[in-house]
Amino acid sequence: MSDLKDRLRQDLTTAIKARDSLRASTLRMVIAAISKAETAGKQAKELTDAEVQSVITSESKKRREAAEAYDSGNRPELAAKERDEAVILSHYLPAQLSTDEVSALVSEAIAESGAAEDGMRGMGKVMGLLKPRTEGRVDGAALAAEVRKQLGA
C-alpha cells in the first residue's frame, strides 16, 4: 500500500474518533476515488504515491470548480463547504507554486527550449519541459495560460 493512501486511512480513523464529520466525509470521498482508480481498467492494480496524489489533485480541482458553480448559482453555503473540502485535500498535496514562481519557470523553459522565436508553435516544447517540473504543484490551465502569455499569443 502506498504511504499516502495509508496516511489517508489513518487520518480518516482519527477524524471519525474526533467526530470531525467534514474531514471524515472528505477523506471517505477521496479514498473511494482512489479505490475506483485502482479497479478501473481491465485489471485491478495498487496505485503508487504519485498516482494517489494525482487522484487527490483531481478531486481538489473538482471541489474548486464546484465552489465556483455554487457561487454563480447564488448558493454560498454549498460553495463554502466545497472550499472547506478543498482545503482539507490540500494538506495531502505538495505546496502550490505562486504566480511569480510559475512565471519564472516558464521564462526558464522558453529560454532552454529556444521556443521564443517559434511563437505559439513552440508551446508544445515548453509545456513538455514544464509538465514534469510542475506536476501536482500548479494547475495545467494556469500553466498553459502563462506559457501563451509569454510566447505572445
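Structure: above.
Residues numbered from 1 in each chain as written. Predicted model: local features only at pLDDT ≥ 70, side-chain atom pairs only at ≥ 80, totals over all residues. Heavy atoms only, no water.

**Q** What should I look at first to understand the environment of L78 in this one?
**A** As for its position among the elements, L78 is in helix α4 (residues 76-90). Using a relative accessible area of 26% as the deciding quantity, one classes L78 as partly exposed. A C-alpha to C-alpha distance of 8.8 Å links L78 and A66, two positions 12 residues apart in sequence. (Helix = DSSP H or I, 4+ residues; strand = E, 2+ residues; numbered from the N terminus. Buried < 20%, exposed > 50% of the residue type's maximum accessible area, 1.4 Å probe, protein only.)

**Q** Help me understand the layout of surface pockets in this model?
**A** Empty space left among the atoms is revealed by rolling a probe the size of a water molecule over them. The volume enclosed by the largest pocket comes to roughly 550 Å³. In terms of lining residues, the largest pocket is bounded by 29 residues, among which T57, Q96, G136, V138 and D139 are the most central. At the level of secondary structure, the elements contributing two or more residues to the lining of the largest pocket comprise α3 (49-72), α4, α5 (99-113), α6 (123-134) and α7 (140-151). Here the lining of the largest pocket gets 8 residues from one element, more than from any other, and that element is α3. For the lining of the largest pocket, the per-class residue count stands at 10 nonpolar, 12 polar and 7 charged. (1 Å grid on protein atoms, 1.4 Å probe; cavity = no way out; pocket = protein on both sides within 12 Å on 5 of 7 lines; lining within 4 Å. Points joined across faces, edges and corners; volume = space filled by probe spheres on them. Nonpolar A, V, L, I, M, F, W, Y, C, P; charged D, E, K, R; others polar.)

**Q** Before we go on, may I ask you to explain the side chain of K5 in this structure?
**A** Examined against the element boundaries, K5 turns out to sit in helix α1 (residues 3-17). Side-chain polar atoms of K5 contact the side chain of E38, separated by 2.8 Å. Contacts of K5, omitting those with residues within four sequence positions, involve I34, E38, E46, D49 and V52. (Polar contact = N/O pair within 3.5 Å; in protein donor to acceptor, adjacent residues only side chain to side chain. Contact = heavy atoms within 4.5 Å.)

**Q** I would appreciate a short explanation of the nonpolar core in the present structure.
**A** Of all hydrophobic cores here, the largest spans 18 residues; its most connected members are L8, L27, V30, I34, V52, I56 and Y92. Among the secondary structure elements, those contributing two or more residues to this core are α1, α2 (21-39) and α3. Core analysis: the next-biggest nonpolar cluster, separate from the first, contains 16 residues, L97, A109, M127 and A144 among them. (Core = buried A, V, L, I, M, F, W, Y, C linked by side-chain atoms within 4.5 Å.)

**Q** Please explain the pattern of salt bridges as it appears in this structure.
**A** Should their charged atoms come close, side chains of opposite charge can pair. As enumerated under the stated definition, the model contains 15 salt bridges in all. Across the salt bridge formed by D11 and R7, the nearest N and O atoms sit 3.9 Å from each other. Highlighted residues: D11 and R7, both in helix α1, separated by 4 residues, approximately one helical turn. Taking relative accessible area as the criterion, D11 reaches 23% and is therefore assigned partly exposed. Close ionic contact of K61 with D139 constitutes a salt bridge, the shortest N to O distance being 3.7 Å. Of the two residues, K61 sits in helix α3 while D139 sits in the loop between α6 and α7, which places them 78 residues apart along the sequence. By relative accessible area, K61 is classed as partly exposed at 34%. A cluster of three or more residues bridged by salt bridges with shared partners is formed by E59, K62, R63, K81, E82 and E85. (Salt bridge = Lys/Arg side-chain N within 4 Å of Asp/Glu carboxyl O.)

**Q** Is there a simple way to think about unusual backbone geometry in this case?
**A** Note: most residues except glycine have negative phi, and most peptide bonds are trans. Of note, the phi angle at R19 is positive, near 60 degrees, even though the residue is not glycine. Within the secondary structure, R19 is located in the loop between α1 and α2. Located in the positive-phi region is N74, a residue other than glycine, with phi close to 60 degrees. Within the fold, N74 resides in the loop between α3 and α4. N74 sits in the exposed class, given a relative accessible area of 64%.

**Q** How should I be thinking about the packing of α1 against α2 in this particular structure?
**A** Two measures define how a pair of helices packs: the angle their axes make with one another and the distance between the axes. Running from amino to carboxyl end, α1 crosses α2 at an angle of 150 degrees, the nearest separation of the two axes being 9 Å. As far as their axial angle goes, α2 and α1 are roughly antiparallel. As for how α1 packs across α2, the hand of that crossing is left-handed. On α2, the residues that touch K5, L8, R9, D11, L12, A15 and I16 of α1 are R23, A24, L27, R28, V30, I31, I34 and E38. (Axes fitted to C-alpha atoms, helices over the stretch in contact; angles between N-to-C directions. Parallel < 35°, antiparallel > 145°, perpendicular 65-115°, else oblique. Left-handed = near helix turned anticlockwise from the far one by under 90°.)

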